[in-house]
Amino acid sequence: MSDPREPLRLSADRDRCVGAGMCALTAPGVFDQDDDEGLVVVLDAAPAAEHRAAARMAVGLCPAGAVALTSAEGTGA
Amino acid sequence: MPHDPTTAGTLSDGTAETTAETTTETTITTAAEELPTLPTDRRTGCPFDPPAELTALSDEPLRRLRYVDGHTGRLVTGHAAARAVLSDPRFSARYEHLHLPMPLAGLEGVTEMSPAPVGDFLGLDAPEHTRFRRLLTGKFTVRRMRQLAERVEQFTGECLDAMEQAGPTVDLVEAFARPIPALMICELLGVPYTDRDRFQEHVATLFDQAADVAAKGEAFEAVGRLMAELVAAKRAAPTDDLLSDLTTSDLTEEELIGVGGVLLAAGLDTTANMLGLGTFALLQNPGQLAALRADPGLAEQTVEELLRYLSVADPILRSALEDVEIEGQLIKAGETVTVSVQAANRDPRKFPGPDRLDIHRKATGHLAFGHGAHQCLGQQLARVEMTVAFPALLARFPTLRLAVPPHEVPLRDRANIYGVVSLPVTWDKE
Ligand code: HEM
Ligand code: SF4
């Protein structure tokens, strides 16, 4: 599995988002939903270590594949 | 909704007898005859488990299935395949594309589906579906729904007070499981207090398994009239609620009334059955019940596990718009796919020891709310309702137990949403 210390970058595609809220429920410090449309808002695109597991889980749970995760490159441990 | 039942043929014990104008009779090949039909009989075995025959079919995650009109389509029982189908836009949710894997409850003769009525976006695809969904998602965010927790607590408290007065033996469905979601929907839509009893009465008839077709028809029309009145009232004098907000959107009057009806229909029976059947499941698992009593902090994950374990909204149907390959199998354009939520939620590759109710497990990732673009709009509301209601019930009645032997609890084995018809419970009065 991926190294939990490895930096993480998150992105969200609001066109794909269906506002189901799995992201905000699973990783509340990392994702939110705007009040107007209920679509995903990334609060923290490079979450600290303690939020990474939740962020990864949110990516897997999103029913619309609207949040993605890319490990930052070129940063050796 | 589907065709008038009187014009379609009748069905008995799963044998397809299609309408006169259908000529599939001759085109059903011998191979198709040998294909299984969707098992729905839960009478033998544990009331919380899927039909034994369905479990037997779950050794293959994706297999051929014979539909009531003779159509050869698919059955998905694997968790990964279910996710793949539900998140793929090449599968349509439009009712008119679907073949039925089982007779519809109350409409046993119907073999063909009509297009979604105005406002019923469950039966639409993008972009029509997206238009409705986008208008609504902002009203159902995690944050907004959590803000409703106080109201849920209040309504739950009122129901429990009434139970205490009526007890020590009550039908938990009538006293608790049905009113809480009904009151919350009324709150969300903005149904005035003075209309709530009328509203609830008709809704109860709609969901009453024993009510005859005529009574249901009347209740359906009555709810429609109430909804139309309500929409007119909100337009004239907007208040702080969902329907009032929607009057300023581009939805037509008819669409608005339709959406109101969909929210009612989708939000009531489902949550009510989770509360009723969920309580039954907890009472039948005393170890789990004790763990939850001891640590109400387990409520959230208990709710997820009950959603997985009970999978009351099942199955979900889709139809392939083009040829699609799923797990190495080619699903042809036009084939209907039945996603068995209850089977997928018991897939041992995803949930080890799936037939055990275990409130300590991480059940997230279950498909009880579906997956993909149609994933339940009301799920955060349902979560808040259940997370508040179960612990409140247990805290109020420390000696809560069934008032009848478990095998006498009547099950909704023929309804579209699974659950208990009634749940007689009792407790020790101080
Ligand atoms: C525990 C309770 C509930 C369960 C198990 C449940 C289950 C589901 C499922 C499985 C779907 C997907 C259907 C499909 O893909 O074809 C769905 C969709 C939907 N649910 Fe729920 N639901 C629940 C509560 C609610 C509540 C409380 C509301 C509203 C207040 C609601 C409103 C909806 C709506 C509007 C849709 C259609 C979404 C769309 O098509 O975009 N549900 N629900
Ligand atoms: S989980 Fe996915 S679909 Fe749901 S709000 Fe978040 S990004 Fe949008």
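Residues numbered from 1 in each chain as written. Chains lettered and ligands numbered in written order. Predicted model: local features only at pLDDT ≥ 70, side-chain atom pairs only at ≥ 80, totals over all residues. Heavy atoms only, no water.

## Describing the sheet that holds strand S5 (residues 316-320) of chain B
All names here are of chain B. Short version of the rule: The rule for pairing is simple: two strands pair if DSSP sees at least two bridges between them. Starting at the N terminus, helices and strands are each numbered in turn, a helix being any DSSP run of H or I of at least four residues and a strand any DSSP run of E of at least two. What makes two residues a contact is simply this: any of their non-hydrogen atoms within 4.5 Å. Between N-to-C directions, angles span 0 to 180 degrees; the directions come from axes that are lines fitted to C-alpha atoms, helices contributing only their stretch in contact.
Taken in spatial order, the 5 strands line up as S1-S2-S8-S5-S3 in an open sheet, and their pairing is mixed. If you trace the sheet from one side to the other, it starts and ends with strand S1 (62-66) and strand S3 (91-92), each paired once. With 3 bridges joining them, strand S2 (residues 72-76) and strand S8 (residues 336-339) adopt parallel strand pairing. Bridge pairing in S8 places Leu75 opposite Thr338. Lying on the sheet, helix H4 (residues 79-86) is in contact with S2, S3, S5 and S8; it crosses S8 at an angle near 130°.

## Examining the site of ligand 1
Residue and element names in this part refer to chain B. Let me state the cut-off plainly: The cutoff for a nearby residue is simple: one of its non-hydrogen atoms must lie within 4 Å of the molecule or strand. Contacts described as polar in this section are N or O atom pairs within 3.5 Å, which, within protein, must combine one atom able to donate a hydrogen with one able to accept it, while residues neighboring in sequence count only if both atoms come from side chains.
Residues in contact with ligand 1 amount to 27 residues; listed here are only the nearest, His129, Arg133, Arg318, His374 and Cys376. At 2.6 Å from an oxygen atom of ligand 1 is found a side-chain nitrogen or oxygen belonging to His129. Note that a nitrogen atom of ligand 1 is positioned 3.4 Å from one of the backbone N or O atoms of Ala266. The set of elements that each furnish at least two residues to the shell around ligand 1 consists of helix H5 (128-137), helix H13 (253-283), S5 and helix H17 (379-396). Looking at the shell around ligand 1 element by element, the count peaks at 6 residues for H13.

## Re the packing of helix H9 (residues 179-189) of chain B against H13(B)
All names here are of chain B. For clarity, the threshold we go by: By definition in this entry, angles of less than 35 degrees are roughly parallel, angles greater than 145 are roughly antiparallel, angles of 65 to 115 are roughly perpendicular, and the rest are oblique. Working rule for handedness: look at the near helix, and if it is turned counterclockwise from the far one by less than a right angle, call the crossing left-handed; if clockwise, right-handed. All residues other than Ala, Val, Leu, Ile, Met, Phe, Trp, Tyr, Cys, Pro, Asp, Glu, Lys and Arg, Gly among them, are scored as polar; the first ten of these are nonpolar and the last four charged.
Across the interface, H9 lies against H13 with an axial gap of 8 Å and an inter-helix angle of 150°. It follows from the interaxial angle that H9 and H13 lie roughly antiparallel. For H9 against H13, the interelement crossing comes out right-handed. Note on element contacts: H13 touches H9 through Gly260, Leu263, Leu264, Gly267, Leu268, Thr271, Ala272 and Leu275, opposite Ile180, Pro181, Ala182, Ile185 and Leu189. Within the contact of H9 with H13, the residues separate by chemical class into 10 nonpolar, 3 polar and no charged.

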